[in-house]
Amino acid sequence: MTATSTQRTVYRSCPLCEATCGLEIALEDDEITRVRGDADDVFSEGFICPKGATLGELEADPDRLHRPRLRRGDAWEEVGWDDAFAVIDEHLSPILESHGRNAVAAYLGNPNVHNLAGTFYARALLKTLGTRNVYTASTVDQMPKHVSSGYMFGHPLTIPIPDIDRTDHLVMLGANPLMSNGSLCTAPDFPGRLKALRDRGGRLVVVDPRRSRTAEVADEHVWIRPGTDAYLLAGIVQTLFDEGLVRLRDLAAHTDGIEAVEESIAGLPPERVASACGVPADDIRRMARELAAADRAVVYGRIGTSTVRFGTVTSWLVDVVNILTGNLDRPGGAMFTTPAVAAPRSGRPFTTGRWRSRVRDLPEALGELPVATLADEILTPGDEQVRALVTIAGNPARSAPNSARMEEALASLGFMVSVDPYVTETSRFADVILPPPPHLTRGHYDVAFYYLSVRDIANYSPPAVPLPDGALDEWEILLRLAGITAGQGAGADVDALDGFVAATLVQQLTTAPSSRVAGREPDDLLAAVSERRGPERLLDLLLRSGPYGDLFGERDEGLTLGVLEDNPHGIDLGPLKPRLPEVLTTASGRVELAPEAIIGDMDRLEAGLADIDTDGFVLVGRRHLRTNNSWMHNVPSLAKGRDLCTLHVHPDDAEGLGVGDGDDVAVSSRAGTVVAPIEVTSDIMRGVVSLPHGFGHDVEGVEQSVAREQPGVNSNLVADHLDIDPLSGNAVLNGIPVTLSRVTAEAAQEPATV
Ligand SMILES: Nc1nc2c(c(=O)[nH]1)N[C@H]1C(S)=C(S)[C@@H](COP(=O)(O)OP(=O)(O)OC[C@H]3O[C@@H](n4cnc5c(=O)[nH]c(N)nc54)[C@H](O)[C@@H]3O)O[C@H]1N2
Ligand SMILES: Nc1nc2c(c(=O)[nH]1)N[C@H]1C(S)=C(S)[C@@H](COP(=O)(O)OP(=O)(O)OC[C@H]3O[C@@H](n4cnc5c(=O)[nH]c(N)nc54)[C@H](O)[C@@H]3O)O[C@H]1N2
Ligand code: SF4
Ligand SMILES: [Mo]
């Protein structure tokens with residue numbers, strides 16, 4: 001080593017949200033000195049948001065953990081990795097032995113889908129753990145879309161993506177991509193893409209109870225009462241039938257169940273649903289006519305359509321409208337991706353409820369149970385009560401409903417392990433915290449988000465800096481845990497376990513009927529990637545056997561990981577391509593427009609009309625460019641600026657309550673109360689209030705010094721764990737019925753929660 005510092009530039013995909021922007025990162029001696037948008041990135045072309053720009057601060061955060069933490073009574077001790085795993089083995093293995101596999105639960109949080117360790121190795125750990133108590137952030141997010149897609153198209157990952165770059169008419173419900181940068185629709189530079197849509201004469205309609213940033217740039221903003229999008233969409237569907245606007249085009253040859261759909265929404269004409277939605281019947285009919293008239297139109301729904309009481313029905317209706325207007329699988333409509341990396345699929349038909357939760361008898365979906373019932377499973381005594389928990393990249397104490405109860409549950413556990421770089425509201429309850437290394441030390445490829453992307457893209461980022469001495473990569477951490485839960489003890493051989501994971505994948509690749517390398521010799525495939533280990537080996541195997549792959553030498557110029565290493569700005573595999581009917585894996589081989597399970601929920605939808613209280617208040621969330629769920633509030637540049645955690649209240653409602661800007665208001669539901677300062681704004685509907693989630697950092701034990709200074713309050717104290725979408729188990733986090741009351745100065749001295 002020389003004494004002079006070395007400067008260099010690396011290009012990487014940003015791992016912080018679904019947009020997958022290319023970053024140009026300047027390094028000096030392995031420290032990040034500057035982050036810019038990578039102008040040569042084939043997908044993002046230089047776009048960057050405030051979060052991506054602060055990756056350097058995030059990586060260098062002094063509050064990040066670098067060595068395992070071990071709880072000793074009330075204090076923490078830093079220990080070496082071997083000691084940490086020995087303690088885990090000592091405590092977890094006896095629980096597994098004497099109480100069975102289901103006594104240990106796992107919770108996987110959102111960043112698992114943003115890194116290769118979680119993508120490829122979390123499943124290996126779940127397999128060795130063998131528990132039915134698997135929970136993830138999906139059931140506080142997009143599970144309804146998986147369930148509706150599974151039933152309609154055969155697989156929960158066969159999700160149609162709005163082709164926003166080619167559409168003429170985009171109707172967006174419950175999404176605010178100008179703040180979130182998009183979700184279930186990977187599209188770096190969403191603002192630029194929406195502007196391009198309008199510049200080419202297209203029309204953007206945003207349906208939202210708030211005048212969001214996206215609503216502001218739309219041609220039309222349709223205000224809607226939270227939780228009622230299913231009624232609006234049913235009204236649109238009914239209008240399409242009524243007015244002879246159904247036009248299946250080529251889809252007719254691939255679609256079953258159209259009559260059953262018509263029958264199922266017969267009781268929900270626009271005139272009947274209008275007052276519930278707060279949208280005039282004429283507007284509902286006009287929306288239907290505009291969708292039918294546009295050459296290329298698409299409906300897209302996100303958080304506001306899935307974290308609601310009728311999440312699955314709403315997610316389904318979004319696709320029903322796209323199909324009835326002939327816009328599925330058509331450029332400018334809703335299309336399926338052809339990702340370069342796709343896991344081999346079993347031929348089994350999609351279903352839910354293959355097992356049920358012990359306490360509330362809730363059905364499994366995608367191999368997991370609703371996180372809304374995790375606390376029940378921990379707190380309710382009985383056989384198979386959950387006594388230990390492993391959390392990986394998750395913060396259920398802030399992200400799941402009824403946080404007070406969740407925290408009570410976490411505090412009561414016999415043993416808890418958290419894989420997390422911080423001492424968070426959740427990991428503060430752990431007995432052992434295992435920190436993953438900084439992002440730049442790891443290889444990266446957005447396996448999950450290229451499934452959901454508006455173009456087919458392949459972009460790999462190799463590790464840019466070496467792993468710090470004594471650190472473990474996160475996939476190695478997960479395999480060590482897998483070794484323990486497989487009964488191999490604390491010192492399991494990571495390379496052997498990794499070899500097993502690779503061999504298992506090759507086995508699937510060479511036997512799955514739809515695989516392009518079915519019938520090939522497993523050893524030949526393994527030999528072709530023998531220079532690699534860890535996630536890179538799995539990635540290479542998947543790339544090479546994928547739709548653009550070199551098929552291990554059978555196809556010239558095909559993709560390999562080596563090819564991606566030579567293309568640091570990514571490879572553009574083109575716009576989305578028509579994929580019907582080969583993408584369908586339903587038993588019939590057709591689009592199931594009217595799945596029995598979903599049609600079976602339509603009576604509840606119709607009955608629900610009577611429950612809508614148009615006089616009461618409901619709570620919704622919102623996101624801001626400077627946040628990332630619960631965990632980036634510790635980045636100084638993002639924390640700077642005005643308080644983001646305020647309760648938005650309409651001026652008329654504020655007047656009715658006798659409160660003004662900055663006053664504290666108590667928001668109460670069946671589950672609990674939270675007190676927040678209000679911001680009076682006409683950007684929200686009357687009768688609706690909005691509070692962002694993921695705040696409330698000033699609780700004992702959280703080691704995030706910056707976040708603690710502007711802690712905000714925790715909106716999930718009022719979300720009710722009993723309120724879920726029954727088909728998917730997804731929690732209701734938007735449209736929560738609440739009462740509001742002014743907090744007097746004396747009352748404000750009391751604790752915030754009751
Ligand atoms: N009320 C309300 N609640 C919501 C939502 C809402 O809109 N309203 N949104 C929901 C949604 S969409 C989601 S996705 C969930 C998110 O819910 P969670 O996934 O439970 O929570 P996050 O806040 O994303 O926390 C991520 C954790 O991962 C850690 N982490 C970051 N990077 C890594 C890494 O590379 N490895 C590991 N091991 N850990 C890492 C962070 O420190 C943090 O503790 O919240 C949900 N909760
Ligand atoms: N800056 C930032 N970006 C993020 C995140 C973050 O926390 N911060 N989180 C990431 C994650 S994990 C996800 S899943 C995505 C989510 O991405 P989006 O779905 O775009 O999420 P939000 O920005 O919460 O937008 C949801 C919108 O729905 C509206 N809404 C609420 N209830 C209803 C309803 O009943 N009907 C209708 N029509 N609208 C409703 C809200 O007012 C809000 O404007 O964002 C990702 N990106
Ligand atoms: S939009 Fe998302 S992917 Fe792009 S820079 Fe921001 S956080 Fe990163
Ligand atoms: Mo999410």
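Before any of the text, the structure's been laid out above.
Residues numbered from 1 in each chain as written. Chains lettered and ligands numbered in written order. Predicted model: local features only at pLDDT ≥ 70, side-chain atom pairs only at ≥ 80, totals over all residues. Heavy atoms only, no water.

S.K.: Is there a simple way to explain the pattern of salt bridges in this structure?
M.R.: When their charged atoms lie close together, side chains carrying opposite charge are able to pair. Across all of its chains, the model carries 52 salt bridges by this definition. For the salt bridge of R537 with D498, the shortest nitrogen-to-oxygen distance reads 3.2 Å. Within this pair, whereas R537 is found in helix α21 (residues 534-545), its partner D498 is found in helix α19 (residues 494-511), the two being separated by 39 residues in sequence. On the basis of relative accessibility, which here comes to 14%, the residue R537 falls in the buried class. On the accessibility criterion, D498 (0% relative accessible area) is buried. (Salt bridge = Lys/Arg side-chain N within 4 Å of Asp/Glu carboxyl O. Helix = DSSP H or I, 4+ residues; strand = E, 2+ residues; numbered from the N terminus. Buried < 20%, exposed > 50% of the residue type's maximum accessible area, 1.4 Å probe, protein only.)

S.K.: Teacher, can you tell me more about the site of ligand 1 here?
M.R.: Around ligand 1 sit 30 residues, and of these Y107, N110, D420, E474 and S630 come closest. Interatomic distance of 3.0 Å between a backbone N/O atom of V419 and a nitrogen atom of ligand 1. R442 has a polar side-chain atom sitting 2.9 Å from an oxygen atom of ligand 1. In isolation ligand 1 has 920 Å² of accessible area, and contact with the protein removes 95% of it. Here the residues of the shell around ligand 1 are counted per class, giving 13 nonpolar, 12 polar and five charged. (Near = heavy atom within 4 Å. Polar contact = N/O pair within 3.5 Å; in protein donor to acceptor, adjacent residues only side chain to side chain. Areas by Shrake-Rupley, 256 points an atom, 1.4 Å probe, with all protein chains shown as cover. Nonpolar A, V, L, I, M, F, W, Y, C, P; charged D, E, K, R; others polar.)

S.K.: Explain the site of ligand 3 here, please?
M.R.: Around ligand 3, the neighbouring residues are C14, L16, C17, A19, T20, C21, I48, C49, K51, G52 and N181. Broken down by class, the residue content of the shell around ligand 3 amounts to seven nonpolar, three polar and one charged.

S.K.: Looking at this structure, I do not really get the sheet that holds strand β3 (residues 31-37). What am I missing?
M.R.: The pairing of strands in a sheet comes from backbone hydrogen bonds and takes either a parallel or an antiparallel form. Pairing is antiparallel in the open sheet, where three strands are placed in the order β1-β2-β3. Lying at the two open borders of the sheet, with one neighbouring strand each, are β1 (7-13) and β3. In this sheet, neighbouring strand axes are inclined to one another by 25° on average, regardless of whether the strands run parallel or antiparallel. In the sheet, β1 pairs with strand β2 (residues 22-28) via seven bridges, with the strands oriented antiparallel. When the bridges of β2 are listed, V10 appears paired with I25. (Pairing = 2+ DSSP bridges. Axes fitted to C-alpha atoms, helices over the stretch in contact; angles between N-to-C directions.)

S.K.: Would you explain the sheet that holds strand β10 (residues 203-207) in this entry?
M.R.: Ordered by their spatial adjacency, four strands build an open sheet running β11-β10-β9-β13, and the pairing between neighbours is parallel. Whereas interior strands pair on both sides, the edge strands pair on one side only; in this sheet they are β11 (220-222) and β13 (297-301). Adjacent strand axes in the sheet meet at a mean angle of 15°, parallel and antiparallel pairs treated alike. Packing of helix α9 (residues 229-242) onto the sheet brings it into contact with β9 (169-173), β10 and β13, and relative to β9 it is tilted by some 150°. In the packing of helix α14 (residues 311-324) onto the sheet, contacts are made with β9 and β13, and the angle to β13 comes to roughly 175°. (Contact = heavy atoms within 4.5 Å.)

S.K.: Could you clarify how one ought to interpret helix α7 (residues 190-199) in this entry?
M.R.: One turn of the α-helix equals 3.6 residues, which is why residues spaced by three or four share an orientation. Burial in α7 covers these residues: F190, R193, L194 and L197. Along the long axis of α7, the arc covered by the buried residues comes to 100°, so they all point the same way. Exposed side of α7, more than 90 degrees from the buried face: K195 and D199 are the residues found there. Elements that come into contact with the buried residues of α7 comprise β9, α6 (177-180), β10 and α8 (213-216). Two to three positions downstream of the cap, the backbone nitrogen of G192 sits 2.8 Å from a side-chain oxygen, assigning the N-cap of α7 to D189. Just downstream of α7 lies G201, where phi reads positive at about 90°. (Arc of directions from axis to C-beta.)

S.K.: Can you walk me through the nonpolar core in this structure?
M.R.: It is characteristic of soluble globular proteins that their nonpolar side chains tend to be buried jointly. Ranked by internal contacts, the top residues of the largest apolar core, which has 165 residues, are F85, I88, L232, L434, Y445 and L539. Counting 53 residues, the second-largest nonpolar core is a separate cluster that includes L374, A375, V674 and A719. (Core = buried A, V, L, I, M, F, W, Y, C linked by side-chain atoms within 4.5 Å.)

S.K.: I'm lost on unusual backbone geometry in this one. Help?
M.R.: With glycine set apart, most residues show a phi of negative sign, and most peptide bonds adopt trans. P581 follows L580 through a cis peptide bond whose omega is 0°. Mapped onto the secondary structure, P581 falls in the loop between β21 (571-575) and β22 (591-592). The phi angle at N181 is positive, at roughly 65°, despite the residue not being glycine. Residue N181 is classed as buried on the basis of its relative accessible area, which comes to 4%. Phi is positive for N629, close to 45°, though the residue is something other than glycine. As for its placement among the helices and strands, N629 is situated in the loop between β23 (617-620) and α25 (636-639).

S.K.: Teacher, can you tell me more about the pairing of strand β16 (residues 415-419) here?
M.R.: The element β16 is extensively covered by neighbouring structure, given that five of its five residues are classed as buried. Here β16 shows two buried faces, one formed by F415, V417 and V419 and the other by M416 and S418. The pairing of strand β15 (residues 388-392) with β16 spans five bridges and is parallel. In the sheet register, T391 faces β16, and the bridge partner there is S418.

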